[in-house]
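Letter by letter, the chains look like this.
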Amino acid sequence: MARIANKQGDKPVGGKYRFSFGPWNISEGADPFGPPVRKPVAFARKLKVYRKLGFTGVQFHDDDAVPDLDRISAKAAVAQAAKLGRILKSEGLEPEFVAPRLWESPRTIDGAYTSNDPACRRYAIERSLLAIDIAAALGTKNIVLWLAREGTYIREAKNARLAHDHLLTAINRMLAHHPDIRIMIEPKPNEPMDHAYLPTIGHAIAIAYLSDDPSRVGGLIETAHAKLAGLDPSDEMAFALFHKKLWSVHLNDQNGLKFDEDRNFGAVNLREAFNQVRVLDEAGYGWNGEYVGLDVKTFRTQKQEKETAHLANSKRFFELMVHKVRTFDRKAESQCIKARDYEGLERLVIEHLLGAD
Ligand code: 3MF
Ligand code: MG
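Residues numbered from 1 in each chain as written. Chains lettered and ligands numbered in written order. Predicted model: local features only at pLDDT ≥ 70, side-chain atom pairs only at ≥ 80, totals over all residues. Heavy atoms only, no water.

1. A closer look at the environment of Asn269
The residue Asn269 is located in the loop between β9 (246-251) and α9 (270-282) in this model. Apart from residues lying up to four places away in sequence, Asn269 is in contact with Lys227 and Asp253. (Helix = DSSP H or I, 4+ residues; strand = E, 2+ residues; numbered from the N terminus. Contact = heavy atoms within 4.5 Å.)

In structure tokens, the structure reads:
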């Protein structure tokens, strides 16, 4: 088995953040109620956008990297991925991760790893092993599992205890397939499922410790997903950081408990954005090569000409927030904490965010 060449993690980047997104973040505006409203942008053209917007990391679904994956041979898929890896290099880009897309095939209708049909479960694992081969050929060791269809609409339809055993089996098969790959679970509590398995980072980390190699199973936290679970995203991140298992983030924002909005980072709740950046910056997130991923989508109402503005904007909001975090008066903060003057602390934070200090 060829070793994966890229050495993410070897080069501290000195507190300077590196940014990534996936091709799905330049979207055509389709939603469940209507067709696309913007013209598709060819993948090669999307790649040209990255550097222009100041991004260097590319996130992939397996079939973003190798289209029609289920219809070509594994050998052809790997060759195509290797070619794409060379293109990325020539564009000055790096693949951040590959995520097996396990939510579109007819064989994943009833779930992928947790399908009630053993043949469908086998398909899901085989496809995931191929995604690992694609990742290796592209030059990344990171595999993301967004467990889109693992869960139920009809609670009695699956044995939830057994479903977790199936998830663990799948994770262990992936770990055994390549000695370098590591798995990042991206928890999400609902949508498309009514209730998803592994809905929070706590669930993800619990299963990581049960796996055959806990050091290679961690998480990716998305702001909107944590908020959909009714949780504070910065506390979710802090929990994963405490376990040294926050290996990527999907920063964005979410306006309450509704469909997954993927709004611009910080656009809904500045204070929550402040606290996410604060937790990340304090913990040295990024020093081991982790990317700041922005899983943001522009609205359906956006015209084609500015269809990438949300990416540049979210990156800018993040950077401005880094400045806010680093210029926060820590001395005044600790005085407030020492005196248990939490009204004073609140005033300090809000005045700082409003630029009144
Ligand atoms: C769904 C998501 C996904 C994942 C992506 C990579 C389309 O809510 O956030 O974005 O991030 O599949 O895991
Ligand atoms: Mg995401």
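There is more to say, and it comes next.
2. Examining the packing of aromatic side chains
Centre-to-centre distance and the angle between the planes together describe a pair of aromatic rings. Here the structure, examined in full by the defined rule, presents nine aromatic pairs. Centroid distance Trp103 to Trp146: 4.7 Å. Interplanar angle 65 degrees. Geometry classified as edge-to-face. A residue pair is termed long-range when its members are at least 10 positions apart, and Trp103 in the loop between β3 (94-99) and α4 (118-138) and Trp146 in strand β4 (residues 142-146) qualify at 43 residues. Note on Phe265 and Phe318: the rings are 6.0 Å apart at their centroids and 45 degrees apart in plane angle, and the pair reads as tilted. With a gap of 53 residues between them, Phe265 in the loop between β9 and α9 and Phe318 in helix α10 (residues 309-326) connect regions that are remote in the sequence. Of the two residues examined, Phe265 and Phe318, each falls in the buried class. Each residue in the set Tyr17, Phe19, Phe21, Tyr50, Phe55, Phe265 and Phe318 is aromatic and connected to the rest through ring pairs, giving one cluster. Cation over ring: Arg18 sits above Tyr291, and NZ or CZ is 4.2 Å from the ring centre. Between the NZ or CZ atom of Arg182 and the centre of the ring of Trp247, over which it lies, the distance is 4.5 Å. (Phe/Tyr/Trp six-rings, centres within 6.5 Å; stacked < 30°, edge-to-face > 60°. Buried < 20%, exposed > 50% of the residue type's maximum accessible area, 1.4 Å probe, protein only. Lys NZ or Arg CZ within 6 Å of the ring centre and 35° of its normal.)

3. Some thoughts on the domain arrangement of the protein chain
The assigned domain composition of the protein chain is domain 1 (3-326) and domain 2 (330-357). Summed over both sides, the interface of domain 1 with domain 2 buries roughly 740 Å², with 48% coming from carbon and sulfur. Here Glu333 and Arg278 are joined by a salt bridge, their closest N and O atoms 2.6 Å apart. Remark: the boundary between domain 1 and domain 2 carries four residue pairs in polar contact (both at pLDDT 80 or more). Those elements that place two or more of their residues in the side of domain 1 that touches domain 2 are α9 and α10. With five residues, α9 is the single largest residue contributor to the side of domain 1 that touches domain 2. Of the residues in the side of domain 1 that touches domain 2, the class split is three nonpolar, no polar and four charged. (Domains from an automatic or database assignment. Buried area = accessible area lost by both parts, 1.4 Å probe. Salt bridge = Lys/Arg side-chain N within 4 Å of Asp/Glu carboxyl O. Polar contact = N/O pair within 3.5 Å; in protein donor to acceptor, adjacent residues only side chain to side chain. Nonpolar A, V, L, I, M, F, W, Y, C, P; charged D, E, K, R; others polar.)

4. Description of the coordination of the magnesium ion (ligand 2)
Coordination sphere of the magnesium ion (ligand 2), protein contribution only: Glu186 (OE), Glu222 (OE), His250 (ND1) and Asp295 (OD), at 1.9 to 2.3 Å. Angles of 78 to 174 degrees at the metal separate the six donor atoms of the magnesium ion (ligand 2), which places the site in the octahedral class. Written as a sequence motif, the donor arrangement for the magnesium ion (ligand 2) is E-x35-E-x27-H-x44-D. Taken together, the residues span a long stretch of sequence, with Glu186 in strand β6 (residues 182-186) and His250 in strand β9 at a distance of 64 residues. Like Glu186, the residue His250 is buried in the burial classification. (Donors = N, O, S within 2.8 Å, 3.2 Å for Na, K, Ca; no water. Tetrahedral: all angles 85-135°; square planar, octahedral: opposite > 155°, others 65-115°.)

5. Side note on helix α3 (residues 74-90)
Quick reminder: α-helices carry 3.6 residues per turn. Residues three or four places apart thus point the same way. With 17 residues, α3 extends 25 Å between its outermost C-alpha atoms, agreeing within 8% with the 24 Å of an ideal straight helix rising 1.5 Å per residue. The complete set of buried residues in α3 reads Ala77, Ala81, Leu84, Gly85 and Leu88. Projected down its long axis, α3 carries its buried residues within an arc of 110 degrees, all on one side. More than 90 degrees from the buried face of α3, the exposed residues found are Lys75, Lys83, Arg86, Lys89 and Ser90. The inward-facing, buried residues of α3 contact α1 (43-53), β2 (57-61), α2 (62-65), β3 and α4. Where α3 terminates, the next one or two residues include Gly92, which has phi positive at roughly 75 degrees. (Expected span 1.5 Å × (residues − 1). Arc of directions from axis to C-beta.)

6. Some remarks on empty space enclosed by the protein
Scanning the model with the defined rule gives three cavities of 30 Å³ or more in all. Pro187, Pro199, Thr200, Ile201, Ile221, Glu222, His225, Ala226, Ala229 and Glu236 are the residues that line the largest cavity. When residues of the lining of the largest cavity are traced back to their parent elements, those giving at least two are β8 (217-222) and α7 (223-228). Class assignment for the residues of the lining of the largest cavity results in six nonpolar, two polar and two charged. By volume, the second largest cavity is sized at about 50 Å³. Looking at the lining of the second largest cavity residue by residue, the classes come out as seven nonpolar, no polar and two charged. (1 Å grid on protein atoms, 1.4 Å probe; cavity = no way out; pocket = protein on both sides within 12 Å on 5 of 7 lines; lining within 4 Å. Points joined across faces, edges and corners; volume = space filled by probe spheres on them.)

7. Comments concerning the pattern of salt bridges
Applying the stated rule across the entire model yields 24 salt bridges. In this structure, Lys297 and Asp262 form a salt bridge, with 3.2 Å as the shortest nitrogen-oxygen distance. One end of the pair, Lys297, is in the loop between β10 (292-294) and α10; the other, Asp262, is in the loop between β9 and α9, with 35 residues separating them in the sequence. Relative accessible area serves as the criterion here: at 5%, Asp262 is assigned to the buried category.

8. Examining the confidence of the model for the protein chain
Taken as a whole, the protein chain shows an average pLDDT of 95; of its residues, 96% reach a score of 70 or greater. Mean pLDDT in the protein chain bottoms out at strand β7 (residues 195-196), which sits at 96, and peaks at β4, which reaches 99. Within the model, pLDDT remains below 50 along residues 6-14, and this stretch shows 20 contacts once partners closer than five positions in the same chain are excluded. (pLDDT = per-residue confidence, 0-100.)

9. What about the pairing of β9?
For β9, the tally of buried residues reaches six of six residues, placing the bulk of the element in the interior. One ladder, built from four bridges, connects β8 with β9; its direction is parallel. In the strand pairing of β9, Gly219 is matched with Leu246. Alignment of β9 against β10, held across three bridges, turns out to be parallel. Its bridge partner lying in β10, His250 is registered against Gly293. (Pairing = 2+ DSSP bridges.)

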